[in-house]
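What the coordinates show
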Amino acid sequence: DLQRTRGSFFGVPVTGSSIGFLIDNSGSMEGAPSVVAETGKKQKKAQTRLQAAKEQMLLAVQSMPRESQFHVFTFSNEGKQWTPQPVPADQRSVRVLTELLSRIQPDGGTNLHDGLQLALQWQDARYGEAPKALIDELFVLSDGEPTAGPVRDAERLLAMVKQVNQYARVRIHCVFTGVGDGG
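Reading guide: rules and limits
Residues numbered from 1 in each chain as written. Predicted model: local features only at pLDDT ≥ 70, side-chain atom pairs only at ≥ 80, totals over all residues. Heavy atoms only, no water. Helix = DSSP H or I, 4+ residues; strand = E, 2+ residues; numbered from the N terminus. Buried < 20%, exposed > 50% of the residue type's maximum accessible area, 1.4 Å probe, protein only. Contact = heavy atoms within 4.5 Å. Pairing = 2+ DSSP bridges. Right-handed = clockwise from strand over helix to strand, strands pointing away.

**Re the overall build of the chain**
- Within the chain, the regular secondary structure consists of 4 helices and 8 strands.
- Every one of the 183 residues in the chain was classed for burial, and the buried ones make up 48%.
- Look at the contacts in the chain between residues 6 or more apart in sequence, and 73% of them connect residues 24 or more apart.

Structure (structure tokens):
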């Protein structure tokens, strides 16, 4: 029985019990945000795309039930897992998340492949075995197409995710915060 969350990330409802946030922290995330998310609170507009992503992540985690947990992943020139263990969504964790998010800075290219590999754990999968998913829901936020890493073709990345996820069955939501159509 999954406890459903009440929050959202850029307007997309957060409904899982083990949530992954995969955030682009490439250099282009210093640009002004093109997506304005409703927060329900009066606050000043985020100055950068990365700042907006951080604010939305904090709001989502604050509204998750205590039974829920989350992971934080980023990608620029390489992917990084900031939370090696699941983090429970409680008041203490919100303070820890605030500190963690302050250390994430924009720099480098857009290696979506490595970020997805960390979040979906496909590097650990052996042929014929289902990957062991850490999460049941993933929010991917980026402002552009892949420019770094071993796989830069969006269609090929999509095929890889589809193949891995046929067993893991992680709900994946993509949030585009750049300019143009998002490729």
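**Some thoughts on the pairing of strand 7 (residues 137-142)**
- Most of strand 7 sits out of view: 6 of its 6 residues are buried.
- Alternating positions in strand 7 separate into two faces, Glu137, Phe139 and Leu141 on one and Leu138, Val140 and Ser142 on the other, with burial throughout.
- Here strand 3 (residues 18-24) pairs with strand 7 via 5 bridges, running parallel. Bridge assignment links leucine 22 to a residue of strand 7, and that residue is valine 140.
- Where strand 7 meets strand 8 (residues 171-176), 6 bridges bridge the pair, whose relative direction is parallel. The residue of strand 8 that forms the bridge with phenylalanine 139 is histidine 173.
- Between strand 7 and its parallel partner strand 8, the chain crosses via helix 4 (residues 154-168), and the hand of that crossover is right-handed.

**Some remarks on the side chain of glutamate 137**
- Position of glutamate 137 relative to the elements: it lies in strand 7.
- Among the residues examined, glutamate 137 registers a relative accessible area of 0% and is labelled buried.
- Filtering out sequence-adjacent residues up to four positions away, glutamate 137 remains in contact with Pro13, Val14, Thr15, Gly16, Ser18, Ile19, Gly20, Val170, Arg171 and His173.

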